[in-house]
Protein chains: 2
Amino acid sequence: MTPPRPALDLSLLPDGGVRWLDASGPNSDIVISTRMRLARNVSGYAFTGRARDGERLRMLAQVRDALGAVPSLSGSLLVRLEELATVDRQLLHERHLVSKELAGLDPQHPIRSGAAVFLGESVGLLVNEEDHLRLQSLRSGFAVPQAFESVHRLDQELGSQVPFAFHREFGFLTACPTNAGTGLRASVLIHLPGLVLTKEIGKVLSGLQQMGLTYRGLYGEGSEVVGNFFQLSNQTTLGRSEEELQDLLVRVVRHVIEREEEARRVLVRDAGYIIEDKLWRAYGTLRYARSLTFDEAMNYLSGVRLAVGLKLITGLSVYTLNKLLIFAQSAHLAHLEQRTLTESETNLARAKYVRQVLVSEGGGVE
Amino acid sequence: MTPPRPALDLSLLPDGGVRWLDASGPNSDIVISTRMRLARNVSGYAFTGRARDGERLRMLAQVRDALGAVPSLSGSLLVRLEELATVDRQLLHERHLVSKELAGLDPQHPIRSGAAVFLGESVGLLVNEEDHLRLQSLRSGFAVPQAFESVHRLDQELGSQVPFAFHREFGFLTACPTNAGTGLRASVLIHLPGLVLTKEIGKVLSGLQQMGLTYRGLYGEGSEVVGNFFQLSNQTTLGRSEEELQDLLVRVVRHVIEREEEARRVLVRDAGYIIEDKLWRAYGTLRYARSLTFDEAMNYLSGVRLAVGLKLITGLSVYTLNKLLIFAQSAHLAHLEQRTLTESETNLARAKYVRQVLVSEGGGVE
């Protein structure tokens, strides 16, 4: 008999681990969040992918023991992913707290023994991901320096307790050479409905790529984009300093924000009432639909988010909309309903949840 | 200098002449209204189309003088159409009180001198239409006998005061031979979304035609149908008695109502939540859109009307929806805004009006 799986209790985390959704950061009408992560490996162990089960567990134990002297993670919640049901691992992934690979949701990478995450207030430490350690910080809005500072502090604190694999020439060693060097990946999650509606987005995205950044949709891999949410990040970490990477991201994202703001002004100027109508219809559909697919919900939320940014819709906060982005995902809905849901049940539950939130957190919208 | 046109004051009429919208009649969830009209001509005058201006005016005067002895029209409001601005004539037409031809809105028939209508509580008398007189009764719901009784009483009362052109063999003589005989045209305005959604409508409509009925959309001529509203009426008036025509209409319409009810049961049984979602989205769009074309408004209203019929949406009356059908038309909106509106202004005004009515008369809908 297998013992019952422990339930995941995210209520132990401040804000359930989604403080980064609260729209308190700079430019948070356009930039949802900034994420910084550092890839590190611990000397003396094979890379995760090649390590044996026991080796991964020993490495986890060593890190765990070291955390007493790491203030950034004091009081953090340790989640052993292999102990969780799939739906709970999916929930952590939907909340952006663990990667798909670490959560064992990627068919090519089933859940690994020793896969774990330490969740602190504004930083997280993923253990036994592709690299032994992934240090990450997630912040509300366009907050590159703040996110870097958090993850950098964790890096310093942890590095003084645990020996990181480091090479004089290549810098920090990583399982995949594209992460070697600083091991830094910096990304922002940005909402660009104006550029999509004005059909400027293609130009902006190819400009990004020329400057060494890459993009993908908020959900799923590849270039699939839903709801006009884009994740912009640096392509390489080798051969550039952490400062250069941050500077590049800041410069490019600032430019993208300006282009988006300009596109919004153009939309309002040239197609004011058409846009207004379109966005209010999106609100009306979210407010009353009885079934919503994920893509639909994201696309309509995108419209409402733009309307709130343009002050066409008032009485509804960006925080509420950000929460809907995350909590209207299927594992969250299954968690809410406390049972496994079929696809069509998920769509019904999503519509019900969205309606409830719009009524309770934006009842005055007209 | 032309004297200012007198403004049309429909508030002088009980319910503004639209008591037939109040959904008090039988089967009014499916049948909006029943209309009966009798075509009559007055002996001693050329048919309207061939009469001179003076002749038409003399005929009108003769009828007017006779009305003192016509209880059905006691206290009726005389509207001289030629004295009204186009928008006011259009308003009367939108309210189903005068025909397009009498209102001078048909490009082939500009407004005629002597064109007038006497508007009583449940009957109307159109003067100088294609025929000298068109007696009409408009009732809420599926009310063939009641509508016939009203128009028949008016016919008896008026016929005893005014000499109608009558031929022993052909019956009542009319300008167009298709109206000769009883001169009776009976029609119902019926809402058939279930048959349209189940794709049964084609079969039902061709069945109708085989039984001697004809159909057209609620608005516009020809077979153009908007919002799943159909006007079903008898094709010929010659060679059948008034009773036979009524019986036919009653029998056929009852059959259509049963088919519609069956289609609705099938929809709910086989596609319950898909339908529910579709209809609530229609409500959400009407409730929040900022611009609505007439066709869109009718199609969404059709959805909401079906939802109210299926009791999926409660707290909203069929009367409210019927009023929207009529009052969301362009002349009504121009009247409401008290100015001429361009097409896009009309769409904005329509969305605003629909929103206001849905809030004030169905605020509790969730």
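As recorded by an unreviewed UniProt entry, chain A carries the name Protein arginine kinase and is attributed to Gemmatimonas groenlandica. Among the UniProt annotations of chain A, the heading Sequence similarities (unreviewed entry) holds the following wording: "Belongs to the ATP:guanido phosphotransferase family."

Chemist: I would appreciate a short explanation of the interface of chain B and chain A in the present structure.
Modeler: In many analyses, interface size is given as the accessible surface area lost on bringing the parts together. Taken together, the contacts link 21 residues of chain B with 21 residues of chain A. Note on chain B versus chain A: buried area summed over both sides is about 1,900 Å², and carbon and sulfur give 53% of it. Summed over the shared surface of chain B and chain A, the number is two salt bridges. Where Glu296 of chain A meets Arg281 of chain B, a salt bridge forms, and the shortest distance between an N and an O atom there is 2.9 Å. Linking chain B with chain A are eight residue pairs in polar contact (both at pLDDT 80 or more). The biggest single contributor to the side of chain B that touches chain A is helix α6 (residues 242-288) of chain B, with ten residues. Looking at the side of chain B that touches chain A residue by residue, the classes come out as ten nonpolar, four polar and seven charged.

Chemist: Help me out: how do you make sense of the domain arrangement of chain A in this one?
Modeler: Residues and elements named next belong to chain A. The domain architecture assigned to chain A consists of domain 1 (1-181) and domain 2 (271-361). Each of domain 1 and domain 2 has a C-alpha centre, and the two are 29 Å apart. Of the residues lining the interface, 17 residues belong to domain 1; the matching set on domain 2 comes to 14 residues. Between domain 1 and domain 2 lies a buried interface of about 1,300 Å² when both sides are counted; carbon and sulfur atoms form 63% of it. At the boundary of domain 1 with domain 2, the tally comes to zero salt bridges. Ranked by residue count, the leading element in the side of domain 1 that touches domain 2 is helix α2 (residues 86-94), at five residues. Split by residue class, the side of domain 1 that touches domain 2 holds nine nonpolar, three polar and five charged.

Chemist: Sorry if this is basic, but what is going on with empty space enclosed by the protein here?
Modeler: Once rolled over the atoms, a probe with the size of a water molecule shows which space is left empty. Applying the stated criterion across every chain, the model contains three cavities of 30 Å³ or more. Of the volumes computed, that of the largest cavity is approximately 50 Å³. In terms of lining residues, the largest cavity is bounded by Ser33, Thr34, Arg35, His96, Leu138, Ser187, Val188, Leu189 and Gln231 of chain A. Among the residues forming the lining of the largest cavity, the class breakdown is three nonpolar, five polar and one charged. Empty space within the second largest cavity amounts to approximately 40 Å³. Among the elements of the structure, β1 (31-40) and β8 (184-191) of chain B are those that each provide at least two residues to the lining of the second largest cavity.

Chemist: I'm lost on the relation of the copies chain B and chain A in this one. Help?
Modeler: Each of the two chain copies can be brought onto the other by rotation about an axis and movement along it. Relative to chain A, chain B is turned by 180° and slid 0.0 Å along the rotation axis, the superposed coordinates differing by an RMSD of 0.0 Å. Considering both components of the superposition, the chain copies are consistent with a two-fold axis. The C-alpha atom lying nearest the rotation axis in chain B is that of Gly284 of chain B; the distance is 2.1 Å.

Chemist: It is not clear to me how the sheet that holds strand β10 (residues 229-234) of chain B should be interpreted in this structure. Could you clarify?
Modeler: Neighbouring strands of a sheet are bound in pairs by backbone hydrogen bonds; such pairs are parallel or else antiparallel. Residues and elements named next belong to chain B. The strand order across the open sheet formed by eight strands is β2-β3-β4-β5-β1-β8-β10-β9, and the pairing between neighbours is antiparallel. Only two strands of the sheet have a single partner each, and these edge strands are β2 (77-80) and β9 (213-217). Between one strand axis and the next, the sheet turns by 20° as a mean value, whatever way the strands run. In terms of strand pairing, β2 meets strand β3 (residues 116-119) through four bridges, oriented antiparallel. When the sheet's bridge partners are listed, Arg80 is paired in β3 with Ala116.

Chemist: Is there a simple way to think about the pattern of salt bridges in this case?
Modeler: Think of it this way: side chains of opposite charge can pair up when their charged atoms draw near. Evaluated as defined, the whole model comprises 38 salt bridges over all chains. In this structure, the salt-bridge partner of Lys203 of chain A is Glu200 of chain A, at a minimum N-O distance of 3.4 Å. Among the residues examined, Lys203 of chain A registers a relative accessible area of 56% and is labelled exposed. Here Asp53 of chain B makes a salt bridge to Arg56 of chain B, at a shortest N to O gap of 2.8 Å. Linking Asp53 of chain B with Arg56 of chain B, this pair stays in helix α1 (residues 53-66), spanning three residues, or about one helical turn. Asp53 of chain B gets classed as partly exposed once you look at its relative accessible area, which sits at 45%.

Conventions used here
- Each chain has its residues counted from 1, following the order in which its sequence is written.
- For this description, chains carry letters from A and ligands carry numbers from 1, given in the order in which they are written.
- Local features are withheld for residues below a pLDDT of 70 in this predicted model, meaning they are given only at 70 or higher, and side-chain atom pairs are given and counted only at 80 or more; totals for whole chains, interfaces and linings count all residues.
- Think of the side-chain values as coming from all heavy atoms in the structure, minus any hydrogens and water.
- UniProt positions are given in the numbering used here, feature names are shortened, and annotations may be inferred rather than shown by experiment.
- When checking whether two residues touch, look at their non-hydrogen atoms; a contact exists if any pair is within 4.5 Å.
- Accessible-area loss on putting two parts together, using a 1.4 Å probe and summing over both, is the definition of buried area adopted here.
- Here a salt bridge means any side-chain nitrogen of Lys or Arg lying within 4 Å of a carboxyl oxygen belonging to Asp or Glu.
- We define a polar contact as two N or O atoms separated by no more than 3.5 Å, with the added condition that, inside protein, one atom must be a possible hydrogen donor and the other a possible acceptor, whereas residues neighbouring each other in sequence contribute only through side-chain atom pairs.
- In DSSP terms, a helix is any run of H or I states spanning at least four residues, a strand is any run of E spanning at least two, and both are numbered starting from the N terminus.
- In the scheme used here, Gly and all other residues not listed as nonpolar or charged are polar, with Ala, Val, Leu, Ile, Met, Phe, Trp, Tyr, Cys and Pro taken as nonpolar and Asp, Glu, Lys and Arg as charged.
- Where a domain begins and ends is set by an automatic assignment or by a domain database.
- Here a cavity denotes a set of grid points, spaced 1 Å apart and computed over the protein atoms alone, in which a 1.4 Å probe fits but from which it cannot get out, and a pocket denotes an open set meeting protein on both sides within 12 Å along at least five of seven lines; residues with an atom within 4 Å of a point are reported as lining.
- Grid points are joined across faces, edges and corners, and a volume is the space filled by probe spheres set on the points.
- Fitting of the copies onto one another was done by least squares over C-alpha atoms, counting residues only where both copies have pLDDT of at least 70.
- For two strands to pair, DSSP has to find at least two bridges joining them.
- Helix axes are fitted to C-alpha atoms over the stretch in contact, other axes to C-alpha atoms as well, and angles between N-to-C directions run from 0 to 180 degrees.
- Three exposure classes are used, based on accessible area relative to the maximum for each residue type with a 1.4 Å probe and protein chains only: buried under 20%, partly exposed in between, and exposed over 50%.

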